[in-house]
Amino acid sequence: MMNKRINGLGSYFLLCALCGPLLLSQSAQAQLDIDIAYIKLQQEHRPVLSNILPEASDAGQRGADLALQDSNTTGRFLKQSFHLKTDISDTPEETLTRIQSRYAQGIRLFIFDLPAGALKTASAWLNKASLNSVPADDVLIFNTRAKENALRVDQCISNVLHTIPSRAMLADALAQWLKEKRLNKWLLIKGSTEGDHAYAQSMQRAAKRFGHKIVAEKQWSFDTDLRRLAQKEMPLFTQTEEYDVVVVADEQGDFGEYVLYNTWYPRPVVGTQGLTPVAWHRVVEQWGAAQLQSRFEKLTGRWMNSQDYASWLAVRSIAEAVTRTNTTNTTTLKQYIISDKFELAGFKGRKLNFRTWSGQLRQPIPLVHPRSLVSQSPQAGFLHPSSELDTLGFDAPESQCRLAERF
Amino acid sequence: MKKQQRLTQLFAISTLLLSVQTALAETAYVSNEKDDTLSVIDLDTYEITATIDVGQRPRGIILSKDQSKLYICASDSDTVQVMDLSTHQIIKELPSGEDPEQFALHPNDRHLYIANEDDALATIVDTQTSEVLAQIDVGVEPEGMAVSPDGKIAVNTSETTNMVHWIDTETMQLVDNTLVDQRPRHVEFSKDSKVLWASSEIGGNVSIIDVASRQITHKVAFKIRGVHPDKIQPVGIKLSDDGKYAFVALGPANHIAVIDTKTFEVLEYILVGRRVWHMAFNADQSLLLTTNGISGDVTVVDIAKMKAIKSIKVGRYPWGIVVKSQ
């Protein structure tokens, strides 16, 4: 029986080497072991006013766990076995030490659940180490957390692919929908963190791109406890020139939850609260997503969030490349993943692949409120010469990154 | 406009009258995934004659060989229900494993091959004794299921593993796997059991597989003017008994493709309802009925004219469909 199975596969590979997408490998019959390091720097949660629903502390990690399960179910038919080495640290220094020891063990595939700063330091170290080794430049890194636009525009890092959408992608997804709804006059309010400012900047860029007007922009700086005073504070805070919609940039949920139903004008609230653009949410259930959701809930007992989804995609991207190329050679895997042959089914109704310039995974962005899916961008009618998904975020001419050239 | 419509209706009725000689009033059964019901359509009048409550999230449905019973995958009830079609009563529930989605009945009229979507398993159940004969490990999210007309092989697709799994029906063991494009859905054997058709929803194509060698011999891709290639997502497949045509439901492209099974050329794209899933022929194969998930209706396609002639409103998210001839 075993023999039969392997023969069947061998001939399949042979056939498809002819039609292009697969590489014939001599090792088609050998057992492949694929080691992946998942590196997480524990997120610091600063105290917020809206502290009723805590964030999951294992966000991201469990998505990788599920993808590992999924990939090994597939792998057992192909004699491919995937292993995840999970390192969770509390400081950037400890993170780097862990990465160094994983590299020393021979691991070349990394998933970084790190903030931008730690991501840059760690990737720089890995890239330098691998350039001096034989074979050179054979690392592949997935960024599953850092949403900074700069990483996709002018702070390009070699060998890094992004499965988490950039803030610009989220902002553009929302702005397209607002255009569709003709909600063109915005009040933009933001919190005080670096992330809040970056989110607000992405919304400003999106406003310009899609022809919206920001009638007023305000920063939240009050330090009262809004759980008691929201009804009094928020209407005054949002009393400006008239707007169609309030756009909130409050990534950690400090005050944003209290904006809804408390605005001076009775207007919808969108952004980090209210109607929110996300990579993933429990309410996404079309395109077979219901199955992914229920597998995740079964494994973890909680809902799958955007970070879990980004990690799931990272592990699945590696596994898909291994399945199709039947190799553990990182350089081959990298080239396959960034090529136009690569396609990943990500439960969003169309195949996903990576932008060759920035290494960003193209993906539709769901727009959700806590209990339902409202829409999914790109919205119909926002056209692009090659892929409508590239109307979200930074397109090739807007980015200095030329990642694929160095792959 | 109206006149023309009436003419088409008249034509439809007259073609039906012609077919009446071979088959009297036929009945279509449609599972409504989000209503937990079946819609019953009289194919003489194209009217809904009954709506029947069944288990939760009904998807795949299949007739027993003598057409006296209907098997229903009640996915969220984790069971396969057996309905007596003379009374429309559920007479039995079969142990199906968790989350049954699609299934196939062996030509022996006894063994049901069921895909358990949540559990990466295929379950084989004896419909007479209600006994589970085997559970076979397959890939992630098993979906499509088919048994070859000669009864020797069962195949199953797994949507996230992207494989067609081959099961020997005698030993009830997995014997081989064939890798296909992203998100394989439906599988259908040719009448002579020599060729297998498998649709890849996200890959956007249909693989034609030689059953003896288990190798892909052709891939059929689709192109419809004005429809983005990513929206062409093949799901259901039906092969006509005369061996001439394959019909492929293209999901959110809202069309079905008609393929010449000799040349693998796409002959025609027929506009039907929104997000077309699955299809069924009537007995003499003059009509093809499609379930359209999003528009919540069934489209009737006249095969001689290769045209949609009627759409019939059913429940929410119609999924599976079978036609019972009287």
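Below is a short write-up of the structure. (Residues numbered from 1 in each chain as written. Chains lettered and ligands numbered in written order. Predicted model: local features only at pLDDT ≥ 70, side-chain atom pairs only at ≥ 80, totals over all residues.)

1. A word on the overall build of chain B
If you tally the helices and strands in chain B, you get one helix and 28 strands. Against the compact-globule benchmark of 20 Å for 326 residues, chain B has a radius of gyration of 19 Å, which places it among compact chains. Dimensions of chain B along its principal axes, counting C-alpha atoms only, are 60 × 45 × 35 Å. Out of the 326 residues in chain B, the part that is buried amounts to 51%. Put simply, of all contacts in chain B between residues at least 6 apart along the chain, 43% involve residues at least 24 apart. (Helix = DSSP H or I, 4+ residues; strand = E, 2+ residues; numbered from the N terminus. Rg over C-alpha atoms; globule rule 2.2 N^0.38 Å. Buried ≥ 20, exposed ≤ 12 C-beta atoms within 10 Å, placed from the backbone. Contact = placed C-beta atoms within 7 Å.)

2. Focus: the environment of B:Ala198
Residues and elements named next belong to chain B. For Ala 198, the location among the structural elements is in strand 17 (residues 195-200). Judged by C-beta crowding, with 26 C-beta atoms within 10 Å, Ala 198 ranks as buried. When neighbours within four sequence positions are excluded, Ala 198 is seen to be in contact with Thr 157, Val 164, Val 180, Pro 184, Val 187, Val 206, Ser 207 and Ile 209.

3. So, the interface of chain B and chain A
Contact residues are listed per partner, giving 25 residues for chain B and 21 residues for chain A. Contributions of two or more residues to the side of chain B that touches chain A are made by strand 15 (173-179) and strand 19 (215-221) of chain B. Along the lines of polarity and charge, the residues of the side of chain B that touches chain A split into seven nonpolar, 10 polar and eight charged. (Nonpolar A, V, L, I, M, F, W, Y, C, P; charged D, E, K, R; others polar.)

4. As for the nonpolar core
Ranked by internal contacts, the top residues of the largest apolar core, which has 85 residues, are B:Phe103, B:Tyr113, B:Val248 and B:Leu289. The biggest single contributor to this core is strand 5 (residues 69-74) of chain B, with five residues. Ignoring sequence-local partners within four residues, the contact set of B:Tyr113 consists of B:Phe103, B:Ala104, B:His106, B:Ala122, B:Ile124, B:Met145, B:Val147 and B:Ala154. The next biggest cluster of nonpolar side chains, apart from the first, holds 60 residues, and it includes A:Leu114, A:Ala279, A:Tyr309 and A:Trp312. (Core = buried A, V, L, I, M, F, W, Y, C linked by C-beta atoms within 7 Å.)

5. Section: the packing of helix 3 (residues 92-104) of chain A against helix 4 (residues 116-131) of chain A
All names here are of chain A. Look at helix 3 against helix 4: their axes get within 10 Å of each other, and the N-to-C directions meet at 25 degrees. By the angle between their directions, the pair helix 3 and helix 4 is classed as roughly parallel. Crossing of helix 3 over helix 4 shows right-handed handedness. Facing Pro 92, Thr 95, Leu 96, Ile 99 and Tyr 103 of helix 3, the residues of helix 4 in contact are Gly 117, Ala 118, Thr 121, Ala 122, Trp 125, Leu 126 and Ala 129. (Axes fitted to C-alpha atoms, helices over the stretch in contact; angles between N-to-C directions. Parallel < 35°, antiparallel > 145°, perpendicular 65-115°, else oblique. Left-handed = near helix turned anticlockwise from the far one by under 90°.)

6. Description of the pairing of strand 3 (residues 109-113) of chain A
Each regular strand carries side chains that alternate between the two faces of the sheet. Residues and elements named next belong to chain A. Burial analysis of strand 3 places five of its five residues in the buried class, the great majority of the element. Here strand 3 shows a buried face lined by Leu 109, Ile 111 and Asp 113 and a second buried face lined by Phe 110 and Phe 112. Pairing analysis gives five bridges linking strand 1 (residues 32-41) to strand 3, with the strands arranged parallel. Across the sheet, the residue bridging to Ile 36 is Leu 109, located in strand 3. Pairing between strand 3 and strand 4 (residues 140-143): four bridges, direction parallel. Paired with Ile 111 across the two strands is Phe 142, which belongs to strand 4. Handedness of the crossover joining strand 3 and strand 4 through helix 4 is recorded here as right-handed. (Pairing = 2+ DSSP bridges. Right-handed = clockwise from strand over helix to strand, strands pointing away.)

7. Remarks on helix 9 (residues 289-300) of chain A
All names here are of chain A. Taking 1.5 Å of rise per residue, the 12 residues of helix 9 would be expected to cover 16 Å, and the 16 Å separating its terminal C-alpha atoms lies within 8% of that figure. Residues of helix 9 that are buried: Ala 289, Gln 291, Leu 292, Arg 295 and Phe 296. Angularly, the buried residues of helix 9 cover 160 degrees about the axis, an arc narrow enough to put them on a single face. On its buried side, helix 9 packs onto helix 2 (61-78) and helix 10 (306-325). Where helix 9 terminates, the next one or two residues include Gly 301, which has phi positive at roughly 75 degrees. (Expected span 1.5 Å × (residues − 1). Arc of directions from axis to C-beta.)

8. Topic: the packing of helix 2 of chain A against helix 9 of chain A
All names here are of chain A. Axis separation between helix 2 and helix 9 bottoms out at 10 Å; the angle between their running directions is 110 degrees. Taken together, the axis directions place helix 2 and helix 9 in an arrangement best described as roughly perpendicular. Taken as a pair, helix 2 and helix 9 cross one another with a handedness that is right-handed. Together, Arg 62, Asp 65 and Leu 66 of helix 2 and Arg 295, Phe 296, Leu 299 and Thr 300 of helix 9 make up the contact between the two elements.

9. What to know about the sheet that holds strand 16 (residues 184-189) of chain B
Residue and element names in this part refer to chain B. Spatially, the four strands line up as an open sheet ordered 16-17-18-19, and their pairing is antiparallel. Here the strands that pair on one side only, and so sit at the sheet edges, are strand 16 and strand 19. Direction aside, the axes of adjacent strands within the sheet are offset by 25 degrees on average. As judged from the six bridges shared by strand 17 and strand 18 (residues 205-210), these two strands associate in the antiparallel manner. Following the sheet pairing, Trp 197 is matched in strand 18 by Ile 208.

10. A short note on the sheet that holds strand 13 (residues 153-158) of chain B
All names here are of chain B. Here four strands make up an open sheet; going across it, the order is 12-13-14-15 and the pairing antiparallel. The open sheet has two edge strands, strand 12 (142-147) and strand 15, and neither has a second partner. Geometrically, the sheet is characterised by an average inter-axis angle of 25 degrees between neighbouring strands, direction not taken into account.

11. Re the environment of A:Ala345
You can see A:Ala345 is positioned in strand 11 (residues 344-345). Distance in space between the C-alpha atoms of A:Ala345 and A:Asp137 is 28 Å, their sequence separation being 208 residues.

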